[in-house]
Every structure is written in C-alpha cells, then in structure tokens.
Amino acid sequence: MKDLKCGLKDCMYNEGYCCQAKSIDVDKFTDCLTYSKDPNKRKSLTEAGRDVHKPVKYDVDTQVTCHAACMFNRDTKCIANGITVMGQAENQANCLTFIKD
C-alpha cells in the first residue's frame, strides 16, 4: 500500500505524514502496533510549519496486516487503496479507515 498517511508526528516511521515502515500490523481494536515513538522527534515551531504543507509522497510499498473486523480485511491483509493512522490518545495509533464489516 503506497497511500498510508500518518498523523503521528512523533512516530519513527513518519516522514512528511507518510509512513515509511516496510510493514505495519493493525490489531483487532484498529491499533497500529508498529507505531514507535521517536525520542528525537519533538514538537517545535519548525515541525508546526510543516502542518500547512501537503504531505510528501514517498515510494514505500507498506504491507498492512490487519486483524480488525473491517470490510477491507481479506485474510488478515488490508485491501484498501490507502489508510490513515491518527492518535486518539497519548501513545496510541489507530486506523481511521476502519469500516465495520
């Protein structure tokens, strides 16, 4: 999947709001288990300046394994054209593309 948007600026795989991980794992509660906080990324004025720009497109084809009861889940593989991951709480990453099957 090449269209994997990530709104978690502190994730070690996030580059310009695009996931750079080779694979991610989404659990049955739609949590992205691959999310890993990068201690070197922190909120700053420089990072806030990127919020007004379009996401950068990267050429990583991320494999998405999913265990949620979602209409895009086919034998634990996500078949959506793209997904968006955002945090609902501190240290949490959720797939917002989830549609209950």
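Please refer to the structure placed before this passage.
The rules behind these values
Residues numbered from 1 in each chain as written. Predicted model: local features only at pLDDT ≥ 70, side-chain atom pairs only at ≥ 80, totals over all residues. Heavy atoms only, no water. Helix = DSSP H or I, 4+ residues; strand = E, 2+ residues; numbered from the N terminus. Buried < 20%, exposed > 50% of the residue type's maximum accessible area, 1.4 Å probe, protein only. Pairing = 2+ DSSP bridges. Core = buried A, V, L, I, M, F, W, Y, C linked by side-chain atoms within 4.5 Å. Contact = heavy atoms within 4.5 Å. 1 Å grid on protein atoms, 1.4 Å probe; cavity = no way out; pocket = protein on both sides within 12 Å on 5 of 7 lines; lining within 4 Å. Points joined across faces, edges and corners; volume = space filled by probe spheres on them. Nonpolar A, V, L, I, M, F, W, Y, C, P; charged D, E, K, R; others polar. Salt bridge = Lys/Arg side-chain N within 4 Å of Asp/Glu carboxyl O. Polar contact = N/O pair within 3.5 Å; in protein donor to acceptor, adjacent residues only side chain to side chain.

1. Concerning the side chain of Thr 30
- Looking at where Thr 30 falls in the secondary structure, it is placed in the loop between strand E4 (23-26) and helix H1 (45-49).
- For Thr 30, a relative accessible area of 13% gives the class buried.

2. Some thoughts on the pairing of strand E1 (residues 3-6)
- Burial along E1 is one-sided: the face carrying Leu 4 and Cys 6 is buried and the face carrying Asp 3 and Lys 5 is not.
- Direction of pairing for E1 relative to strand E8 (residues 82-86): parallel, over a ladder of 4 bridges. Bridge pairing in E8 places Cys 6 opposite Val 85.

3. A look at the nonpolar core
- If you look at the biggest cluster of nonpolar residues, it comprises 21 residues, and the most contacted ones within it are Leu 4, Leu 8, Ile 24, Val 64, Ile 83 and Val 85.
- Leave out the neighbours within four places in its chain, and Ile 83 touches Met 1, Asp 3, Leu 4, Lys 5, Ile 24, Val 64, Cys 78, Cys 95 and Thr 97.

4. A closer look at empty space enclosed by the protein
- Scanning all chains against the criterion turns up 3 cavities of 30 Å³ or more.
- Of the voids in this model, the largest cavity is the one considered here, and its volume is about 90 Å³.
- Looking at the largest cavity, it is lined by 13 residues, and the ones nearest its centre are Cys 66, Cys 70, Cys 78, Cys 95 and Phe 98.
- Residue composition of the lining of the largest cavity, grouped by class: 10 nonpolar, 3 polar and no charged.
- In this structure, the second largest cavity encloses a volume near 80 Å³.
- In this structure, the second largest cavity is lined by Leu 4, Cys 6, Leu 8, Cys 11, Tyr 13, Cys 19, Ile 24, Cys 32, Thr 34, Tyr 35 and Val 85.

5. Considering the pattern of salt bridges
- Considering all chains together, one arrives at 2 salt bridges under this definition.
- For Asp 3, the salt bridge is made with Lys 5, and the minimal N-O distance between the two is 2.4 Å.
- What makes Asp 3 partly exposed here is its relative accessible area of 30%.
- When the shortest N-O distance is used, the salt bridge between Lys 37 and Asp 10 registers 3.8 Å.

6. Things to note about unusual backbone geometry
- Of note, Tyr 17 is a non-glycine position whose phi angle comes to about 70°, a positive value.
- Mapping Tyr 17 onto the fold places it in the loop between strand E2 (14-15) and strand E3 (18-19).

7. Quick notes on the side chain of Asn 73
- With respect to the helices and strands, the residue Asn 73 is situated in strand E6 (residues 73-74).
- Since its relative accessible area comes to 17%, Asn 73 is described here as buried.
- A distance of 3.0 Å separates the side chain of Asn 73 from the backbone oxygen of Cys 66, its partner in a polar contact.
- Here Ala 68 takes part through its backbone oxygen, which lies 2.9 Å from a polar atom of the side chain of Asn 73.
- Among all residues touching Asn 73, those that are not within four sequence positions of it are Cys 66, His 67 and Ala 68.

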